[in-house]
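So you can see what is in the structure, the chains are spelled out below.
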Amino acid sequence: MKKTIILAILLMFIAGCSAVQKTTPTINTIQDLMLDSQDLQQLGLTSNTNETYRQMFEISNGTDCRIDEEYTNIVDSSPGQYSICDYTLNDTDIIIEFQKFANYEALNGSYQYGSEHLYSVEGLMSENDYGDQSRFRVNNVNDYGGQFNPPGVYFYHLWFTKGLYMIHITSKGTDKEAKDDIAKIGRLILGKMGG
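Residues numbered from 1 in each chain as written. Predicted model: local features only at pLDDT ≥ 70, side-chain atom pairs only at ≥ 80, totals over all residues. Heavy atoms only, no water.

## Structural notes on the layout of surface pockets
If a probe the size of a water molecule is rolled over the atoms, the empty space left behind becomes visible.
Argument step 1. One number sums up the size of the largest pocket: a volume of about 420 Å³.
Argument step 2. In terms of lining, the largest pocket is formed by 21 residues, of which the most central are Tyr113, Gly114, Tyr119, Trp159 and His168.
Argument step 3. Among the elements of the structure, strand 4 (92–100), helix 4 (104–116), strand 7 (154–162) and strand 8 (165–173) are those that each provide at least two residues to the lining of the largest pocket. (1 Å grid on protein atoms, 1.4 Å probe; cavity = no way out; pocket = protein on both sides within 12 Å on 5 of 7 lines; lining within 4 Å. Points joined across faces, edges and corners; volume = space filled by probe spheres on them. Helix = DSSP H or I, 4+ residues; strand = E, 2+ residues; numbered from the N terminus.)

## Regarding the packing of aromatic side chains
Argument step 1. Scanning all chains against the criterion turns up six aromatic pairs.
Argument step 2. Taking the centre distance of 5.9 Å and the plane angle of 40° together, the rings of tyrosine 53 and phenylalanine 57 count as tilted.
Argument step 3. What makes phenylalanine 57 buried here is its relative accessible area of 13%.
Argument step 4. A connected cluster of aromatic rings, assembled from ring pairs, spans Tyr130, Phe136, Tyr154 and Tyr156.
Argument step 5. The ring of tyrosine 130 is capped by arginine 187, whose NZ or CZ atom sits 4.1 Å from the centre of that ring. (Phe/Tyr/Trp six-rings, centres within 6.5 Å; stacked < 30°, edge-to-face > 60°. Buried < 20%, exposed > 50% of the residue type's maximum accessible area, 1.4 Å probe, protein only. Lys NZ or Arg CZ within 6 Å of the ring centre and 35° of its normal.)

## Some remarks on the environment of arginine 187
Argument step 1. Here arginine 187 lies in helix 5 (residues 178–192).
Argument step 2. You can call arginine 187 partly exposed: its relative accessible area is 45%.
Argument step 3. Put simply, arginine 187 and tyrosine 130 are 57 residues apart on the chain and 7.6 Å apart in space, counted from C-alpha to C-alpha.
Argument step 4. The residues touching arginine 187, leaving out its near neighbours within four places in the chain, are Asp129 and Tyr130. (Contact = heavy atoms within 4.5 Å.)

## Some points on the state of the cysteines
A covalent bond between the sulfur atoms of two cysteines is referred to as a disulfide.
Argument step 1. This model, assessed by the stated rule, comprises one disulfide.
Argument step 2. Between the sulfur of cysteine 65 and that of cysteine 85 lies a disulfide, 2.0 Å long from S to S. Its S-S torsion of approximately 110° makes the covalent link between cysteine 65 and cysteine 85 right-handed. Highlighted residues: cysteine 65 in strand 2 (residues 65–68) and cysteine 85 in strand 3 (residues 81–89), separated in sequence by 20 residues.
Argument step 3. The buried category is assigned to cysteine 85, whose relative accessible area is 0%. (Disulfide = S-S within 2.5 Å.)

## Comments concerning unusual backbone geometry
Argument step 1. One non-glycine residue, glutamate 58, lies in positive phi territory at about 55°.
Argument step 2. Residue placement: glutamate 58 occurs in the loop between helix 3 (51–56) and strand 2.
Argument step 3. Glutamate 58 sits in the exposed class, given a relative accessible area of 56%.
Argument step 4. Look at asparagine 90: it is not a glycine, yet its phi comes out positive at around 50°.
Argument step 5. Residue placement: asparagine 90 occurs in the loop between strand 3 and strand 4.
Argument step 6. With relative accessibility at 58%, the residue asparagine 90 sits in the exposed group.

## Quick notes on the confidence of the model for the protein chain
Argument step 1. Across the protein chain, the average pLDDT comes to 83, with 86% of residues at 70 or higher.
Argument step 2. Of all the helices and strands in the protein chain, helix 1 (residues 2–18) carries the lowest mean pLDDT, 46, while helix 2 (residues 37–43) carries the highest, 95.
Argument step 3. Counting contacts from residues 4–22, a segment whose pLDDT is below 50, to residues more than four positions away or on other chains yields zero contacts. (pLDDT = per-residue confidence, 0-100.)

Quick look at the structure:
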């Protein structure tokens, strides 16, 4: 009986030690987080052909994203990485910003400024559902300048951070259910980050 118990404990120990451990993906640059063709197909995203947006975001023809190789954080002038991508889904414009910061002070300052600046509490849909620092919101008439938003147009914003990275996904369109699409995009990018 004693031998059986010892053998069972030994087998559990060996099984526990040999279990496959989940590894966190290595993320070195924002390009590691950006959506590839398989991601785009899975999400149903296509290139946005709106020339106004492409010019505003300085996105070259034939690409969906602009990568700023010499990005400087406005909070403390520290160096970082930045990319902005422009897509469309069911007549909804979707813009994804990827940022990597030099330190947590710059990240937190930018996050607080970007995700709270000019927005009312009435449009807040969730906090911390996409990690410790996340906010998901929709436009509201009480936002700064909210009275000028066109009726029936929804602007969804999802911000989340992980490590020194901050992601901001935003959309503009008449589809009220676009919030589900924004959530899927956020979850996919979080998956790339190991979260």
